[in-house]
Amino acid sequence: MLITLGTPPSDAETDSWYGIAAAAHARDLPASTPERSRIETEGKLRVPPVGARTVHWAWAAPDGSYEGIASLVLPGEAVNRHTASLDTLVVRPDARRRGIGAALWAAVRAELVADGRASVSTVLEVGGAGEAFVDSLGFTNVLPLGRYVQRVRPVLEGIPLPDRPALPAGLRFTDWWGVVPDHLTAAFTRAHEPLSELQRGRLDGRTPHWDTDRIRAAARVVEARGGMLLTSAVLDPGAGSGPGSGSGTGDDIVAFTQVALAAPGDTRAVQLDTLVVPSHRGRGLGRAVKRHHLERLHELLPGVREIGTVVADDNRPMLAVNEALGYRRERPAGVFQTKL
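As the structure is a computational prediction, the values presented were derived from the model and not from experiment.

Definitions and limits used
Residues numbered from 1 in each chain as written. Predicted model: local features only at pLDDT ≥ 70, side-chain atom pairs only at ≥ 80, totals over all residues. Heavy atoms only, no water. Helix = DSSP H or I, 4+ residues; strand = E, 2+ residues; numbered from the N terminus. Rg over C-alpha atoms; globule rule 2.2 N^0.38 Å. Buried < 20%, exposed > 50% of the residue type's maximum accessible area, 1.4 Å probe, protein only. Areas by Shrake-Rupley, 256 points an atom, 1.4 Å probe, with all protein chains shown as cover. Lys, Arg positive; Asp, Glu negative; His and termini not counted. Charge placed at Lys NZ, Arg CZ, Asp CG, Glu CD. Axes fitted to C-alpha atoms, helices over the stretch in contact; angles between N-to-C directions. Parallel < 35°, antiparallel > 145°, perpendicular 65-115°, else oblique. Left-handed = near helix turned anticlockwise from the far one by under 90°. Contact = heavy atoms within 4.5 Å. Nonpolar A, V, L, I, M, F, W, Y, C, P; charged D, E, K, R; others polar. Pairing = 2+ DSSP bridges. Core = buried A, V, L, I, M, F, W, Y, C linked by side-chain atoms within 4.5 Å. Expected span 1.5 Å × (residues − 1). Phe/Tyr/Trp six-rings, centres within 6.5 Å; stacked < 30°, edge-to-face > 60°. Lys NZ or Arg CZ within 6 Å of the ring centre and 35° of its normal.

(A) Representation of the overall build of the protein chain within the structure. Counting its regular elements, the protein chain contains nine helices and 12 strands. For a compact globule of 340 residues, the expected C-alpha radius of gyration is about 20 Å, and the protein chain comes in at 21 Å, within 12% of that figure. Relative to its 340 residues, the protein chain shows a buried fraction of 48%. Summing over all exposed atoms, the protein chain offers an accessible surface of approximately 15,600 Å²; the carbon and sulfur share of this is 53%. Separation of charge centres in the protein chain, based on 39 positive and 39 negative side chains, amounts to 3 Å.

Shown next, in the form of structure tokens:
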């Protein structure tokens, strides 16, 4: 029986959902991959991404236990009103091969059609059960990815780093938790502008415009879901005081990087955006800010042992930076997409 979860889901619904996700994780992913905590599960079910709405379904057995789950993210901004993201479609391992996945996909597809969406994408492991399932539905891998892991303590205590970077004269680091401080808001917004121009592979989706409201809202989503967000940036003192800078502080942000913990007790952090503004590229700032960020993360959260990230196979500059900082490729993945 198909169930649409409440808004927000009840504790019982969340517990049942978490049980399915944990069982599938144990069956489908390497033992070294940390499973999503209940805090993260509840946060994603209760708090949608910025500018989007979510729909969550479960397939229940006659006794009420869940046998499968699905979650759909429907962006609301105009540039992505034609597409959507399938965040989850998982069947409990002992309930597979009974048509439950097909029934959940039918519910997802009906919602997409009713909402006027022309395509949907999802991130999956290459070679896993998920790829085999979506292949039968007409999905194709439109953006090959790699999942990478950096072990924090070995990097800090023993792995030699080539050309351990120092900042060019006049630049300095700064860090903050959560929402960007007021005095850096304008500079941080300007630093995000290149993100709005990104278009990856054959993906239908576009990167929304990163204005101040969206930047602040994204940080609040991490916190509202029970997580933590740490940002490190490179400041160029005096650059922000020029004509049209609008910062009013004399500082500009020329590079930044962010990691998030989905729950305070997690031992693996997730690398989010890293960016160097175009006029400052080629100066080693990407490697410098990520190295600084690694040290600050270890200092502030010594329980974090690893940082995980996903990088597109064609993003050679970021792959080179990560390799220099000790990241290792864990497994291949991809963004799979189909037209409706």
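Right, picking up where we left off after that structure.
(B) Looking closely at the packing of helix H8 (residues 285-300) against helix H9 (residues 316-324). Where H8 meets H9, the closest approach of the two axes is 10 Å, and the angle between their N-to-C directions is 45°. Considered as vectors, H8 and H9 are oriented oblique to each other. Seen from above, H8 lies across H9 with right-handed handedness. Residues Gly286, Arg287 and Lys290 of H8 form the contact with H9, whose own contacting residues are Met318, Val321, Asn322 and Ala324. For the contact of H8 with H9, a count of residues per class yields three nonpolar, two polar and two charged.

(C) Expanded view of H9. Among all positions of H9, only Met318, Leu319, Val321, Asn322 and Ala324 are buried. Downstream of H9 by a residue or two, glycine 326 has a phi angle that is positive, lying close to 90°.

(D) Here's a closer look at the pairing of strand E8 (residues 228-237). For E8, a buried count of eight out of 10 residues is recorded, marking the element as mostly surrounded by other parts of the structure. Pairing between strand E7 (residues 172-177) and E8: six bridges, direction antiparallel. For phenylalanine 173, the partnering residue across the bridge sits in E8 and is valine 234. Relative to strand E9 (residues 251-261), E8 is paired through 10 bridges, and the arrangement is antiparallel. Within E9, the residue paired with valine 234 across the bridge is alanine 255.

(E) Summary view of the nonpolar core. Formed by 22 residues in total, the largest nonpolar core has its most connected members in Trp176, Leu184, Phe188, Val234, Ile253, Phe256 and Leu285. Apart from the residues within four sequence positions on either side, phenylalanine 188 is in contact with Trp176, Val180, Ile215, Thr231, Ile253, Phe256 and Gln258.

(F) Looking closely at the packing of helix H1 (residues 11-28) against helix H2 (residues 38-46). Across the interface, H1 lies against H2 with an axial gap of 10 Å and an inter-helix angle of 120°. Regarding the angle of H1 to H2, the classification is oblique. H1 and H2 meet at a crossing whose hand is right-handed. Mapping the contact onto sequence places Asp11, Thr14, Asp15, Trp17 and Tyr18 in H1 and Arg38, Thr41, Glu42, Leu45 and Arg46 in H2.

(G) Fine view of the sheet that holds strand E11 (residues 306-312). Taken in spatial order, the 12 strands of this open sheet run E1-E2-E3-E4-E5-E12-E6-E11-E10-E9-E8-E7, and their pairing is mixed. The open sheet has two free edges, formed respectively by strand E1 (2-4) and E7, since each of these has just one partner strand. Here the strands of the sheet are splayed against their neighbours by 25° on average, with no regard to which way each runs. Pairing of strand E5 (residues 119-125) with strand E12 (residues 328-339), which is carried by seven bridges, proceeds in the antiparallel orientation. Along E12, the bridge assignment pairs valine 120 with threonine 338. In the packing of H8 onto the sheet, contacts are made with strand E6 (140-151), E7, E8, E9, strand E10 (268-276) and E11, and the angle to E8 comes to roughly 135°.

(H) Fine view of the environment of proline 93. The topology assignment puts proline 93 in the loop between strand E4 (83-91) and helix H3 (100-114). Separated by 171 residues in the primary sequence, proline 93 and proline 264 place their C-alpha atoms 29 Å from one another. Residues within four places of proline 93 in sequence aside, it is in contact with Ala23, Ala24 and Arg27.

(I) Region of interest: the side chain of glutamate 306. Examined against the element boundaries, glutamate 306 turns out to sit in strand E11. Its relative accessible area of 16% is what places glutamate 306 among the buried residues. Once residues lying within four places of it in the same chain are set aside, the contact partners of glutamate 306 are Val149, Gln150, Arg151, Val152, Thr267, Arg268, Ala269 and Arg328.

(J) Seen up close, H8. In this model H8 runs 22 Å from its N-terminal to its C-terminal C-alpha over 16 residues, within 8% of the 22 Å that 1.5 Å per residue would give. Buried residues of H8: Leu285, Gly286, Ala288, Val289, Lys290, Arg291, His292, His293, Leu294, Leu297 and His298, and no others.

(K) Representation of the packing of aromatic side chains within the structure. One pass over the full model with this rule turns up three aromatic pairs. Taken together, a centroid distance of 5.0 Å and an interplanar angle of 90° make the contact between tryptophan 176 and phenylalanine 188 edge-to-face. Taken together, the residues span a long stretch of sequence, with tryptophan 176 in strand E7 and phenylalanine 188 in helix H6 (residues 185-191) at a distance of 12 residues. What makes tryptophan 176 buried here is its relative accessible area of 6%. Among the aromatic side chains, those forming a connected cluster through ring pairs are Trp176, Phe188 and Phe256. The side chain of arginine 214 reaches across the aromatic face of tryptophan 210, ending 5.3 Å from its centre.

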